[in-house]
Amino acid sequence: MCCGSCAKCLGTTLIPLAVLATLANILLFFPGGKIIDSENITVYVWYFGGILGSGVLMVFPALVFLGLKNNDCCGCCGNESCGKRFAMFTSILFAAVGILGSGYCFIVSSVALNIGPKCLQAGQTKWEYPFVDGDYLSNHTLWNRCVEPESIVPWHLTLFSILLIISGAQVVLCAIQAINGIFGTLCGECKCCGCCGVRLPLWTA
Ligand SMILES: *[C@@H]1O[C@H](CO)[C@@H](O)[C@H](O)[C@H]1NC(C)=O
């Protein structure tokens with residue numbers, strides 16, 4: 001297994017994850033598929049965890065990782081003299097950007113899951129957060145507190161869970177590339193594939 005091809009496969013995984021996270025965040029703006037007043041949308045949707053953190057910010061590391069794909073492991077930005085060491089070093093910086101972005105989405109999603117959705121309760125005119133400390137997660141009966149918008153609780157629960165899983169996976173993938181990049185930078189001249197003279201325990205296959 002070679003540093004470069006590892007990075008490529010990480011890069012190709014990150015792109016669909018970023019697209020999915022963006023879609024999930026967009027869907028959260030339309031609870032139950034309906035357009036509602038913007039001030040009634042759960043505030044954590046407006047933090048753009050999926051669109052910015054796990055979406056736009058992940059495009060940069062993904063593209064950089066994809067750029068490391070050439071098995072000669074040389075060059076950055078098409079410049080071979082630039083060298084593998086520098087390319088791998090750059091990938092560490094971008095992996096850090098990716099960890100920041102997806103970490104942000106992960107935190108926003110966990111908080112949103114704990115707080116629960118904003119909704120309208122029976123007999124009230126003001127939209128509020130009817131749940132406390134994630135109690136609705138274990139007690140299905142409480143979901144009846146929300147009368148409007150329809151099925152807001154499963155909507156909120158499903159989409160923020162998806163964001164949580166995606167951002168968690170992105171953190172792991174970027175962390176793998178950070179480690180991969182550190183080895184690549186330290187070992188410098190590598191004969192791919194049989195990379196770096198060091199075999200990472202993560203992918204001994
Ligand atoms: C769930 O919430 C309802 C309504 O507050 C309550 O009556 C019921 O005891 C709760 N069930 C559990 C398992 O906590």
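Residues numbered from 1 in each chain as written. Predicted model: local features only at pLDDT ≥ 70, side-chain atom pairs only at ≥ 80, totals over all residues. Heavy atoms only, no water.

### Re the state of the cysteines
Working step 1: Per the stated rule, a full pass over the model turns up one disulfide.
Working step 2: There is a disulfide in this structure between Cys119 and Cys146, and the S-S distance comes to 1.8 Å. Around the S-S axis, the bridge from Cys119 to Cys146 shows a dihedral of about -75° and counts as left-handed. Here the residue Cys119 occupies a position in the loop between helix H3 (84-115) and strand S1 (120-121), and Cys146 occupies one in strand S2 (residues 146-148), the gap between them amounting to 27 residues. As far as burial versus exposure is concerned, Cys119 and Cys146 are alike and both buried. (Disulfide = S-S within 2.5 Å. Helix = DSSP H or I, 4+ residues; strand = E, 2+ residues; numbered from the N terminus. Buried < 20%, exposed > 50% of the residue type's maximum accessible area, 1.4 Å probe, protein only.)

### So, the UniProt feature "transmembrane region" (unreviewed entry) in the protein
Working step 1: Per the UniProt annotation, the sites labelled "transmembrane region" (unreviewed entry) are residues 12-32, 44-66, 86-113 and 152-176.
Working step 2: Secondary structure over residues 44-66 splits into 78% helix and 0% strand, and the C-alpha atoms at its two ends are 31 Å apart.
Working step 3: The distance separating the terminal C-alpha atoms of residues 152-176 is 36 Å; by composition the span is 100% helix and 0% strand. (UniProt positions renumbered as here; feature names shortened; annotations may be inferred.)

### Topic: the packing of aromatic side chains
Working step 1: Throughout the structure, instances matching the rule amount to five aromatic pairs.
Working step 2: Measuring from ring centre to ring centre gives 4.8 Å for Phe29 and Trp46, while their planes differ by 75°; the resulting arrangement is edge-to-face. With Phe29 in the loop between helix H1 (3-28) and helix H2 (49-67) and Trp46 in the loop between H1 and H2, this residue pair connects regions lying 17 residues apart in the sequence.
Working step 3: Classification of Phe29 by relative accessible area gives buried; the value is 12%. (Phe/Tyr/Trp six-rings, centres within 6.5 Å; stacked < 30°, edge-to-face > 60°.)

### Digging into a nonpolar patch on the surface
Working step 1: Together, Val19, Leu20, Leu23, Ile26, Phe30 and Ile35 make up an exposed nonpolar region whose accessible area comes to about 560 Å².
Working step 2: As for its position among the elements, Leu20 is in helix H1. (Patch = residues over 30% accessible without salt bridge, like charges linked within 9 Å, V, L, I, M, F, W, Y side chains within 5 Å. Areas by Shrake-Rupley, 256 points an atom, 1.4 Å probe, with all protein chains shown as cover. Salt bridge = Lys/Arg side-chain N within 4 Å of Asp/Glu carboxyl O.)

### A look at H2
Working step 1: Taking 1.5 Å per residue as the helical rise, H2 with its 19 residues ought to reach 27 Å, and the 26 Å between its terminal C-alpha atoms agrees with that figure.
Working step 2: Those residues of H2 that sit buried are Gly49, Gly50, Ile51, Gly53, Ser54, Gly55, Met58, Pro61, Ala62 and Phe65. (Expected span 1.5 Å × (residues − 1).)

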